[in-house]
Amino acid sequence: MYFLLHVVSLCTLSVLRGASAATHYNCNGPLVSALPHSSFSSSSQSSVRYAAYNAKLNRRDGAGGWSPMVTDQDPWIQVDLREQFEVTAVATQGRYDSWDWVSSYTLLYSDTGRAWKQYRQEDGVSRFVGNVNSEAVVQNKLSQPVRTRFLRFIPLDWNPTGWMGLRVEVYGCSYKSYVADFDGRSSLLYRFNQKSMSTVKDVISLRFKSHQAEGVLLHGEGQRGDYITLELHRGRLDLYLNLDDNRLKFRSGRVAVTVGSLLDDQHWHSVHIERFNKQVNLTVDTHTQHFQTKGEGHSLEVDYELSFGGIPLPGKPGTFLRKNFHGCMENLYYNTINIIDLAKRRKPQIHSVGNVTFSCSQPQLVACTFLSSSSSFLSLPSAAASATEGFSVRFQFRTWNPDGLLMSVPLNPEPQRLELRISGGQLRLTLHGTGQQKSEVATGLRVSDGLWHSVNLESRNLQITLTVDGELCSTTDLWEQVEARSNFYFGGCPTFDCQVRTATFQGCMRLVFINGQPVNLSHVQQGALGNYNEIQFDTCNIRDRCLPNLCEHGGRCSQTWTSFTCDCSGTGYSGATCHNSIYEASCEAYKLIGSSSGFYSIDPDGSGPLGPTQVYCNMTEERVWTVVPHNVTTPVTVQSSSLHKPYVMDFNYSATAGQLHAIVSGSEQCQQEVVYNCRKSRLFNTRDGSPLSWWLDREGEKRSYWGGFLPGVQQCSCSLEENCLDMNYFCNCDADTDTWANDTGILSYKDHLPVSQIVIGDTNRTGSQAVYHVGPLRCYGDKSIWNAASFYQESSYLYFPTLQAELSSDISFYFKTSAPSGVFLENLGLKDFIRVELSWGTASQQRGFLGCIRTLTVNGVSFDLEERARMTPGVSSGCPGYCSGSSSLCHNRGRCIEKSNGYICDCSQSAYGGTTCNQEVSVSFDRESSVTYTFQEPFSVMQNRSSQATSVSTESSSRAREDVAFSFVTSQRPAMLLTVSTFSHQYIAVILAKNGSLQIWYHLQTDRRPDIFSPVPSNLADGRLHRIRIHRVGKNLYVQIDQDIHRKYTLSSDAELILIRSLTLGKVTRRETFNEEVMQAAAKGFVGCLSSVQFNHVAPLKAALTNRGSSLVTIRGPLVQSNCGALAESTSHILQDQAVTANKDNEQHSSGSQRDLAVIAGVVTAVVFIAVCALAVMSRLLYQQRRAQRTASSSSSIKEEHRHSMYTDYRTTELQLHNSIRDNMKEYYI
């Protein structure tokens, strides 16, 4: 069987869990073993013997480790390292000599022991692998070291037959810390020794933690327009950098480079800026942006000073231009200068503005996380209200979810209640009264942006006021004075006291005040206040799932709390992460899916980073040419140029340099025509042979040859072909005559193409002139699409380098095999692997693959199978038998012919044209037009060899058979579409009646009246395209109109057409023995378009267009070739995402398409094939039984059958004809 498999998208997560960290120096010392008992704490302990201080690695103190109480719902153990350390690894062990251990856990870290952050590895995974027994030590290295004082281990899973037991160790080292605290109204100024500081290279590094989402960390500017600003904005870090460009001096014209997200989480973040000339690397934590600065200069010129923490206004102490930074900075270095150390030692270079202290204050902004959108809630009792009655609630929250109930409170008098929810990203306040009574207001502000937002809800004087982020948003009137009836519910609420069944809040919350009184969340956690469910305290576990942005190729990322989505519209890519190109990789690939010549977008590296580009695909020849145009399309005249002042023209192509390289390297051959017409304009100096004109290749290298594929030869084509006008010179133009001469050459050395520039330097003499033209880049052949290898030993394989750790990978290839199982591809890592295999029923047990594989592409890179196969035993390059592998490569009766590296389609027996026999052949007729095809000699249809070769009658009683197909567009009625007449006065006529309905006339026996069938009464002369298919087998007549109308009729006779004379399209001028109604239509002729007419093996329209003058074809009246058949169905396949996508969809639904074979993907073994054959035989027997019953009841009755039985006769025949192993090989696209 012949399978085709494409775009297998595999997500390979957490491939490298053990990446080393901090390997630049020794930082792996144990930090826990020497700590006192007071450094350990826990949520609970089973008894004193199971206390947290017994949880030191390899120790047997107490009960041999820590275990919590069995009633502890949120167990944890915490270690205080006494000071900040750089932590590089952690290790765990179960409780000594027990059945208690932790098999997985998460790790939190904190500077204060109050506000915690969850540690995540580089791949985003927060779960650490724990133990499988009580004694083995399992160490987990941190992919990125953290600098922290407190660590908290939170068990997730443990031994199901035991309980939690834990001993821990932490590894790392100490580091030197210089800290400065900025209160939002202060800054540090570093003043230069001279008026300005000009630098070509800068290195700035610092760590910070912020209390706010806004604030300036660094600023400097110069009078010539240079500036550098590092600023927190909406929790992200913006860097503004400009070199010598006064146009960008004002902030409105500045463009920021943005890195990071959620940087206002009160945790440390590292920043590193490296600049050399215009190249800049900006790194925040583990995310790096590479970019070039704006402006014309290469040095950064800053006047007087750099400010850290704010931008003070000159002459106005304590006044700042923008919001200052509020938080702490650590280890702030500017070009190796320790700014904080200088400030702490009160050095004169540093000037302090406002109150800058040198220890980091610890704010008490403790948050909690609502983990579930369905079951999380926080229930808090109502504090005593003020004397004016009413109530008030104030809190801060952050979330990504656009919907969810944020807060609700039951009110007195019953059954009133108040709800505050997020709906469509906005806050909506709803007051529910009795019955259907309801009052509702919305804020209009977007709050599902991941930032902290403050909410103040207050009831007073028969009004409820909602304030968001300090601004009054809305008020709603109360029907009567109300008060909180019981508890305030944040998020959801307990099922016994809850009327809400919609999604609830999922996110973070802090600073909760009820009736002006702060709520201590620690008391809630300890069970001393309120109630809660599915809440994590002391941490805001928010995560930006769009950082890093996993949406590829410019896809726009959006997210909720638990997931992200990619908007791929307009990118040219599809899939969950915009990974899969919607375009084919080459013009050759478009040809394979049945496309014709035209402009297309191709993606030469598939899912790679290059993106699609527009090219012209010329498919009119045996070779498929890819044509890439440039900006100079017409010949150019050059005068007055010399070597000292040459003429220079740059060529800009419709593709980028990377795309051009991919197109050229992926093609079998490329060429570019260069035409140089000259009059007294030489290409080479006749004295020393030095070039007077030259061109640059794609790498910008100077080239002076003007034809052929030998790059080192300074000659023109006439010299290589030995036909120069003057054989004393290598070029015609070097003869330097006053008459016009020409040097035209074809450049075909691929590594130098395309031409990027031309330089002409000899047109400055009197009468000297040149006219040149550089043609487009033209390439043919796709090296990867037919790159194949055949495996004929199970033990043979091809080895390629292992795939490295990837968050996503795509693998695509075609394969052909008759074996039921085998491994196609396997990629092995230390822990993870990818295996793609074929199996039937059970696993293949890693049997080797026997068959052919071609076009292997991994992550957009094509692998050269043939090169590896040439040097590997048991494998041969190439895969013979393209045509036998898929009968759908050529469409509409086209015949596939094998070539050495592909195939061609013989369309001589098809009514269609084009390279794959799928191009409509259409002709426009007027009232006097007709085409008559005269058969070469009197013969019976059943003597037609083509008919015999392609079809065998399923009825033993008669061999009579016709197959007619055509399309038409007309508004005329009546009209003659097609007639077939014989020397024995038999005829077939297909006409449109006076009412526009289709009529089919069969006159097989001259002594009887003809059979007349009208499949549908509707008017088909409606100016739209209609496709007709008529098929006769004996007495059975099958008719299909368009896609949805199927009819079956029974003729009065099963006689053959004897001695066919001619077939006529349009007006009939010969006197025939037609019925009167047929004669009227014949006289009227046909006005409109006929397309792709086929009668058995004859294509009369195609013969009329391609064999004009032939004795077999008679044309009367005007006959104009048209594309009306194609235009009636679709307008274009050019350059649009929708059109290319439609091409792929048409490929999946057309009967002759290669991908249509995917619907029979189960036909992979002989067993399934036999089952299909058995089903076909049963269908035939059932059909013959039904036919016998119909014949007994009425031989002339008209019946409609189910669509499945429409073509049972010849479908069964086709199954019989494909009864060999070779023809049973199929090609699949998965």
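Use the structure listed above.
Residues numbered from 1 in each chain as written. Predicted model: local features only at pLDDT ≥ 70, side-chain atom pairs only at ≥ 80, totals over all residues. Heavy atoms only, no water.

A. Region of interest: the overall build of the protein. Within the protein, the regular secondary structure consists of 14 helices and 80 strands. Here the protein holds 1230 residues, and 53% of them are scored as buried. Contacts in the protein between residues at least 24 apart in sequence constitute 70% of all its contacts with a sequence separation of at least 6. For the protein, the exposed surface amounts to about 55,500 Å²; the carbon and sulfur share of it is 49%. (Helix = DSSP H or I, 4+ residues; strand = E, 2+ residues; numbered from the N terminus. Buried < 20%, exposed > 50% of the residue type's maximum accessible area, 1.4 Å probe, protein only. Contact = heavy atoms within 4.5 Å. Areas by Shrake-Rupley, 256 points an atom, 1.4 Å probe, with all protein chains shown as cover.)

B. Representation of empty space enclosed by the protein in the model. One pass over the structure, following the stated rule, counts four cavities of 30 Å³ or more. Of the voids in this model, the largest cavity is the one considered here, and its volume is about 80 Å³. Lining of the largest cavity is provided by 10 residues; of these, Thr112, Ala115, Lys209, Gln266 and Gln362 occupy positions nearest its centre. Roughly 50 Å³ of volume is contained in the second largest cavity. For the second largest cavity, the full set of lining residues is Tyr1002, His1003, Leu1004, Gln1005, Arg1008, Arg1009, Pro1010, Asp1011, Ser1052 and Ser1053. Looking at the lining of the second largest cavity, its residues break down into three nonpolar, four polar and three charged. (1 Å grid on protein atoms, 1.4 Å probe; cavity = no way out; pocket = protein on both sides within 12 Å on 5 of 7 lines; lining within 4 Å. Points joined across faces, edges and corners; volume = space filled by probe spheres on them. Nonpolar A, V, L, I, M, F, W, Y, C, P; charged D, E, K, R; others polar.)

C. Representation of helix H9 (residues 1076–1084). Buried residues of H9: Val1078, Ala1081 and Ala1082, and no others. In an axial view of H9, the angular spread of the buried residues amounts to 105°, which keeps them on one side of the axis. Summarising the contacts, the buried residues of H9 are in contact with strand S69 (975–982), strand S70 (987–992) and strand S71 (998–1003). Its side-chain oxygen at 2.9 Å from the backbone nitrogen of Glu1077, Asn1075 defines the N-terminal cap of H9. Just downstream of H9 lies Gly1085, where phi reads positive at about 75°. (Arc of directions from axis to C-beta. Polar contact = N/O pair within 3.5 Å; in protein donor to acceptor, adjacent residues only side chain to side chain.)

D. Inspection of the pairing of S69 at higher detail. Among the eight residues that make up S69, eight are buried, leaving the element largely enclosed by the rest of the structure. Pairing analysis gives six bridges linking S69 to S70, with the strands arranged antiparallel. Directly across from Ala975, in S70, lies its bridge partner Leu992. Where S69 folds back onto S70 in an antiparallel hairpin, the turn is made up of four residues, including His985, whose phi is positive at roughly 65°. (Pairing = 2+ DSSP bridges.)

E. Quick look at the environment of Ser408. Within the secondary structure, Ser408 is located in strand S28 (residues 404–412). Each C-alpha atom of the pair Ser408 and Glu419 lies 4.3 Å from the other, and the pair is 11 residues apart in sequence. If sequence neighbours within four positions are ignored, Ser408 has contacts with Leu418, Glu419, Asn487, Phe488 and Tyr489.

F. A look at the sheet that holds strand S20 (residues 300–308). What the seven strands build is an open sheet, ordered S16-S15-S14-S13-S20-S11-S23; its pairing is antiparallel. Only two strands of the sheet have a single partner each, and these edge strands are strand S16 (257–259) and strand S23 (350–353). For this sheet the average axis-to-axis angle between neighbouring strands, irrespective of direction, equals 20°. Direction of pairing for strand S13 (residues 215–221) relative to strand S14 (residues 227–233): antiparallel, over a ladder of six bridges. The residue of S14 that forms the bridge with Val216 is Glu231. (Axes fitted to C-alpha atoms, helices over the stretch in contact; angles between N-to-C directions.)

G. The pairing of strand S57 (residues 788–791), seen in detail. Of the two faces of S57, the one lined by Ala788 and Ser790 and the one lined by Ala789 and Phe791 are each fully buried. Strand direction decides the pairing type here: S57 and strand S61 (residues 851–858), joined by four bridges, are antiparallel. When the sheet's bridge partners are listed, Ser790 is paired in S61 with Cys852.

H. Structural context of the packing of aromatic side chains. A complete count under the given rule lists 36 aromatic pairs for this structure. Relative to Phe192, the ring of Tyr190 has its centre 5.8 Å away and its plane inclined at 80°; by these criteria the two rings are edge-to-face. Its relative accessible area of 10% is what places Phe192 among the buried residues. Here a set of aromatic residues connected by ring pairs shows up, and it is made of Tyr105, Tyr109, Tyr119, Phe128 and Phe153. In this structure, Arg152 packs its charged tip against the face of Trp76, placed 3.8 Å from the ring centre. A cation over a ring is seen here: Arg623 above Tyr780, with NZ or CZ 4.2 Å from the ring centre. (Phe/Tyr/Trp six-rings, centres within 6.5 Å; stacked < 30°, edge-to-face > 60°. Lys NZ or Arg CZ within 6 Å of the ring centre and 35° of its normal.)

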